[in-house]
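# Remarks on the overall topology
What follows is each chain in one-letter form.
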Amino acid sequence: MDLGPVIVTRKNGEEPFTNGSGPAIQLIDFWKWSVSDLLSNATRGKLAEFIVANALQICSSVRVEWDNYDMVDHDKIRIEVKSSAYLQSWHQNNLSAISFDIAEKRSYCYETNKLGDSVCRNNDFYIFCLLHHKDKSTVDPMDLAQWTFYILPTSVLNEKLGTQRRLSLKRLKSLHPVICSYQTLRTELDRLKSDVFS
């Protein structure tokens, strides 16, 4: 019996649920039900990854949930994407404080389902995605103008912050990341890669 990883194929949403009774349902119905709240922390994180992958033109495959990093670009650069936002779906007394998870993790092999021995940051670059909009009446995570992106080589975090687990926006800015928009994200990452790896 083969118990290796399942090969996941991209779906289009029209795939039907089978062997049920009553009204026919499709995969798109599940997507609408489960991920329509784009401000939800869990959904917003995946949305940020999707936005970055599209900006970098590397969105033709399927997201891997438990990989060591979120994506690999055309130059085999490993990228970790983190998101944060001032606004949440629920009632707030104040805007949320902006911070990002930068904790080191044990490496993981998706093919063998085994954890490695070392604890580290398993990527070359972080892209921190801030949904910077502050008005709940007009917030729209699908409006790419409401996002700001901060690119930072992982080596900077390792050198300046060591094993620190979270990163505030103020501290992030003090590390002099490249700050860009969706439209300039790929160009700025390419430029930074040239600087770091030249």
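For the structure, check the block above.
Residues numbered from 1 in each chain as written. Predicted model: local features only at pLDDT ≥ 70, side-chain atom pairs only at ≥ 80, totals over all residues. Heavy atoms only, no water.

## Quick word on the pairing of strand β6 (residues 125–131)
Burial within β6 is extensive, with seven of its seven residues counted as buried. Taking every second residue as pointing to the same face, both faces of β6 are buried, with Phe125, Ile127, Cys129 and Leu131 on one and Tyr126, Phe128 and Leu130 on the other. Bridge count for strand β2 (residues 78–85) against β6 is seven bridges, and the pairing is parallel. Residue pairing in the sheet places isoleucine 79 in a bridge with phenylalanine 125 of β6. Across seven bridges, the pairing between β6 and strand β7 (residues 147–153) is antiparallel. For leucine 130, the partnering residue across the bridge sits in β7 and is threonine 148. (Buried < 20%, exposed > 50% of the residue type's maximum accessible area, 1.4 Å probe, protein only. Helix = DSSP H or I, 4+ residues; strand = E, 2+ residues; numbered from the N terminus. Pairing = 2+ DSSP bridges.)

## Section: the layout of surface pockets
If you add up the space inside the largest pocket, you get close to 1600 Å³. Contributing to the lining of the largest pocket are 38 residues, with Arg10, Phe50, Ser61, Val62 and Arg63 lying nearest its centre. Contributions of two or more residues to the lining of the largest pocket are made by α1 (27–35), α2 (41–55) and β1 (71–72). Residue contributions to the lining of the largest pocket peak at eight residues, all from α2. Split into classes, the residues belonging to the lining of the largest pocket amount to 24 nonpolar, five polar and nine charged. Its boundaries defined by the atoms lining it, the second largest pocket holds a volume of some 920 Å³. (1 Å grid on protein atoms, 1.4 Å probe; cavity = no way out; pocket = protein on both sides within 12 Å on 5 of 7 lines; lining within 4 Å. Points joined across faces, edges and corners; volume = space filled by probe spheres on them. Nonpolar A, V, L, I, M, F, W, Y, C, P; charged D, E, K, R; others polar.)

## Looking at the pattern of salt bridges
Summed over the entire model, instances satisfying the criterion amount to twelve salt bridges. Here lysine 105 and aspartate 101 are joined by a salt bridge, their closest N and O atoms 3.4 Å apart. (Salt bridge = Lys/Arg side-chain N within 4 Å of Asp/Glu carboxyl O.)

## Re unusual backbone geometry
Unlike most non-glycine residues, lysine 76 shows phi in positive territory, near 65 degrees. Here lysine 76 shows up in the loop between β1 and β2. Judged by relative accessible area, lysine 76 falls into the exposed class, the value being 65%. Even without glycine at this site, histidine 176 takes up a positive phi of about 60 degrees. Along the chain, histidine 176 turns up in the loop between α4 (169–174) and β9 (178–180).

## Observations regarding the sheet that holds β7
The strand order β1-β2-β6-β7-β9 describes an open sheet built from five strands, whose pairing is mixed. The sheet is open, and its two edges are formed by β1 and β9, each paired on a single side. Sitting on the sheet, helix α3 (residues 154–161) is in contact with β6 and β7, with an inclination near 70 degrees to β7. (Contact = heavy atoms within 4.5 Å. Axes fitted to C-alpha atoms, helices over the stretch in contact; angles between N-to-C directions.)

## Some remarks on the environment of alanine 55
Residue placement: alanine 55 occurs in helix α2. Judged by relative accessible area, alanine 55 falls into the buried class, the value being 10%. Sequence separation between alanine 55 and serine 107 is 52 residues, and the spatial gap between their C-alpha atoms is 27 Å. The contacts of alanine 55, once residues within four sequence positions are left out, are Tyr182, Leu185 and Arg186.

## Thoughts on the packing of aromatic side chains
Following the criterion strictly, the structure yields four aromatic pairs and no others. With a centroid separation of 5.3 Å and an interplanar angle of 5 degrees, the aromatic rings of tyrosine 126 and phenylalanine 128 are classed as stacked. Taking the relative accessible area as the measure of exposure, phenylalanine 128 reaches 0% and is therefore buried. Of the aromatic side chains, those joined through ring pairs into one cluster are Phe100, Tyr126 and Phe128. Sitting above the plane of the tyrosine 86 ring, lysine 134 keeps its charged end 4.5 Å from the centroid. (Phe/Tyr/Trp six-rings, centres within 6.5 Å; stacked < 30°, edge-to-face > 60°. Lys NZ or Arg CZ within 6 Å of the ring centre and 35° of its normal.)

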